Amino acid sequence: MRSQTDLERVLTARGVNLDTCSDRELMYALTAAVRQLQKPMDHARGQRKLYYFSAEFLVGRLLRANLINLGLLEEAERLLAAHGRSLAQVEDQEPEPSLGNGGLGRLAACFLDSIASLGLNGDGVGLNYHYGLFRQRLDTGRQTEEPDPWIGPESWLLDTGLSYQVDFGGFSLNARQYDLEIPGYENGVCNRLHLFDVERPAPPPAEGIRFDKTDIAGHLTAFLYPDDSDEAGRLLRVYQQYFMVSAGAQLLLRELEEAGHSLLELDRYAVVHINDTHPSMVIPELLRLLTSRGVELEQAMDLVERTCTYTNHTILSEALEKWPASYLEQVAPQLLPFIRALDQRARRRSDDPRTAIWDEHNVIHMAHMDIHSSAKVNGVAELHTEILKNTELHPFYVLYPEKFNNKTNGITFRRWLMSCNPALAGLITQAIGPEWQRDAGLLEKLLEHKEDTALLERLLAVKEENKGALARWLGSRGTEIDPHSVLDIQIKRLHQYKRQQMNALYAIWKYVQIKEGHTPPRPVTMVFGAKAAPAYTLAKDTIHLLLCLGKLIERDPQVSPWLKLVMVENYNVSAAERLVPACDISEQISLASKEASGTGNMKLMANGAVTLGTLDGANVEIARLVGEGNIYLFGRSADEVIALYRDNAYRSSDYWQKPELERLVDFILSPELLTIGDAGCLSRLYKDFIAKDYFMALLDLEDYIAVKERCLAEYEDRAAWSRKMLVNIARSGFFSSDRTIMEYNRDIWHLTPDGA
Ligand code: KOT
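Remember, it's a predicted structure, so these values are computed and weren't measured experimentally.

Thresholds applied
- Residues numbered from 1 in each chain as written.
- Predicted model: local features only at pLDDT ≥ 70, side-chain atom pairs only at ≥ 80, totals over all residues.
- Pairing = 2+ DSSP bridges.
- Helix = DSSP H or I, 4+ residues; strand = E, 2+ residues; numbered from the N terminus.
- Axes fitted to C-alpha atoms, helices over the stretch in contact; angles between N-to-C directions.
- Contact = placed C-beta atoms within 7 Å.
- Near = placed C-beta within 6 Å.
- Nonpolar A, V, L, I, M, F, W, Y, C, P; charged D, E, K, R; others polar.
- Domains from an automatic or database assignment.
- Core = buried A, V, L, I, M, F, W, Y, C linked by C-beta atoms within 7 Å.
- Buried ≥ 20, exposed ≤ 12 C-beta atoms within 10 Å, placed from the backbone.

### Focus: the sheet that holds strand β5 (residues 158-168)
Inference 1: Taken together, the nine strands give an open sheet; going across it, the order is β5-β6-β7-β2-β1-β8-β9-β12-β13, and neighbouring strands pair in mixed fashion. Sheet topology places β5 and β13 (404-406) at the edges, where each strand pairs with a single neighbour. Geometrically, the sheet is characterised by an average inter-axis angle of 25° between neighbouring strands, direction not taken into account.
Inference 2: Where helix α15 (residues 382-392) meets the sheet, its contacts fall on β12 (376-379) and β13, and the angle it forms with β12 comes to roughly 125°.

Below, the structure is given as structure tokens:
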């Protein structure tokens, strides 16, 4: 008789009947079993430890990811199959924690996976939002938002029983520590993500998404970034931030003391990584805690500057956090003397007022505090780091040239290839062996197979299969797509700088072309996945336009056989895991200089999509790696765009006054669209194109259309296209987050890997 496997033994001991339990019961049972099998490992004592502070960790579903890292996936699949069950169906029951907005949060999740997989001692510190971001609905022709509860009866969260007192101006709260375990890939390491929560969360709201935003104690961890369009919302965000960093700093100091180290050795035994400015208050909070325990202020400031490291993720000025001192006065008045001291120290180092922390309008600049008080500062792609050094943060670069460095983002190939695209992973392993699964750089070996027609044909066949799987999944959600059409995909948050509105104008152009009899060589399916911030009116209007265009095309018998435009509702990590393997054309069309890096571009490339994009963010590095013939580039350069802003020289009228473009913009207010859509939304969008177009969609539109048409034409040379796919996959290994984390460790963190 076959001996029982670990998994089977644990499930049996828990009294699970694999034949009769429901998929949901099985999902919970597997969750509990995996939790039981992943034993947290103690890292070597006396080593430096990383605390990765981030307001967001967009971890995605964890069952399959944890099974893979524990080496239990095949065993689980076999066991379930023996009872007529499928893991795919079971994991569909797993709620996805929506603890992030997009790229920044997903990057933090990929990083935790790589940190554990490289055997590094590093934990995450964040917040346990009960309703995450929001669940998006599109059934009314526009986006509506609902709370997205994800914490079930048997979630991955472990209640540690630990808590920390956090003092706000006028009241205190206890921060309870819940942990998510983060196993490394087949190395026995298990790190943790600490998520802090209030002890007594308010009961779920009776209806809709609206909470009483003034009930801070009950709602502190209800939502991620509550609507920041009004005072109460912005203030709640500052409360969240202080809650997270105060609890995290206390946890760190407790661990330091437990390890027997003195506070004066802080920089030797701890690294505090600040993931954009949301955790920046950890700096004055550490100063407060250190000085309250007897460390002198000057010495504390030196220690903290050697302990903290900071990553900048955006140059968009509206995203750079600046808080009126009055906010901090209300939330955490005890921090103000320390921020004042930091500001005075900064002014002793530089008399350039642009580097002040506390400015003459009584506004506190979080990024400035981070740069003055961190040992290292990095951007997230080469171009982005250069822009920080030369323009956005130039005065700081002059002051601290040695602090600045680049760390091009990465993705974990365990989730974004091995887990989401097993067919492609299997094909790669057949061609070059399995070692690439430990070192994605080895994917380059695929280049030796550029003339291997059998492999290239199977590459095309795997893509077809994945498109079929996507079509079935979308079909089960009520959206039919043609799996034999070209899948042209733009998946990312909705923002004007990402220019979904430019892609919408392409759809209009294509619609008109087809109406005029110019049908494409094969049908094209344009797929969008995007959430808009609830208060971002133009972003919501763009979703409305896309939904209207989808309907218009659908209802037009002349156009619908050739063109389809769909929006995937509630785009999240799980949806991405289905879309990414099926994509042919990866839309990375941000206005050059505005997308710090992008990481979807990397995921899609690794899965054999070809990029259609601007020379922005990491696209620049993708282009260099794959070479001209394996990417479709268009649009103005970052330098040109920066000059246009500097000289205030862009006028959208210079573009829409060209008749070909005017026709496309006017179509937004055409009778066809107005009978489908809302005149208010559509005319707001129209007016924005005419009078503003701040992110210059019209600047690049003609070039975009021309290059996209060339891309679609060249798609028809299937053999040549399959070679482009191969080169993209082969060159994607550079974008492994393992490579990124090794660089962070080499240049910034200096942790010692276990076993080294
Ligand atoms: C949001 C608010 C304030 C500051 C930064 C952000 C931010 C930046 N959120 N997401 N990002 C994205 O981060 C990704 C990971 O580095 C990048 O790939 C992407 O280009 C950023 O837009």
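### Points about the sheet that holds strand β14 (residues 486-491)
Inference 1: If you walk across this open sheet you meet the six strands as β16-β15-β14-β17-β18-β19, and the pairing is parallel. In the strand order of this sheet, the two ends are held by β16 (563-568) and β19 (632-633), each with one partner.
Inference 2: Bridging between strand β17 (residues 585-588) and strand β18 (residues 610-613) involves four bridges; their strand directions are parallel. In the sheet register, Gln588 faces β18, and the bridge partner there is Gly613.

### Describing the site of the ligand
Inference 1: Surrounding the ligand, one finds 16 residues, the nearest of these being Gly103, Leu104, His313, Ala319 and Ser597.
Inference 2: For the shell around the ligand, the class distribution of residues is five nonpolar, nine polar and two charged.
Inference 3: Here the shell around the ligand gathers at least three residues from each of two domains, domain 1 (37-409) and domain 2 (431-740).

### Observations concerning the nonpolar core
Inference 1: Of all hydrophobic cores here, the largest spans 233 residues; its most connected members are Phe243, Leu549 and Leu579.
Inference 2: For this core, the element with the most residues is helix α8 (residues 231-258), which contributes eleven residues.
Inference 3: Both of domain 1 (37-409) and domain 2 (431-740) provide at least three residues apiece to this core.
Inference 4: Discounting chain neighbours no more than four positions away, the residues touching Phe243 are Val166, Leu173, Ala175, Phe196 and Leu220.

### Here we look at unusual backbone geometry
In terms of backbone geometry, most residues other than glycine have negative phi values and most peptide bonds are trans.
Inference 1: In this structure, Arg499 is a non-glycine residue whose phi angle is positive, near 65°.
Inference 2: On the basis of neighbour count, Arg499 is assigned to the buried category, with 26 C-beta atoms found within 10 Å.
Inference 3: Of note in the backbone geometry, Asn570 takes a positive phi value of approximately 55° without being a glycine.
Inference 4: Along the polypeptide, Asn570 turns up in the loop between β16 and α22 (573-579).

Function-wise, these values are silent; they only describe arrangement.
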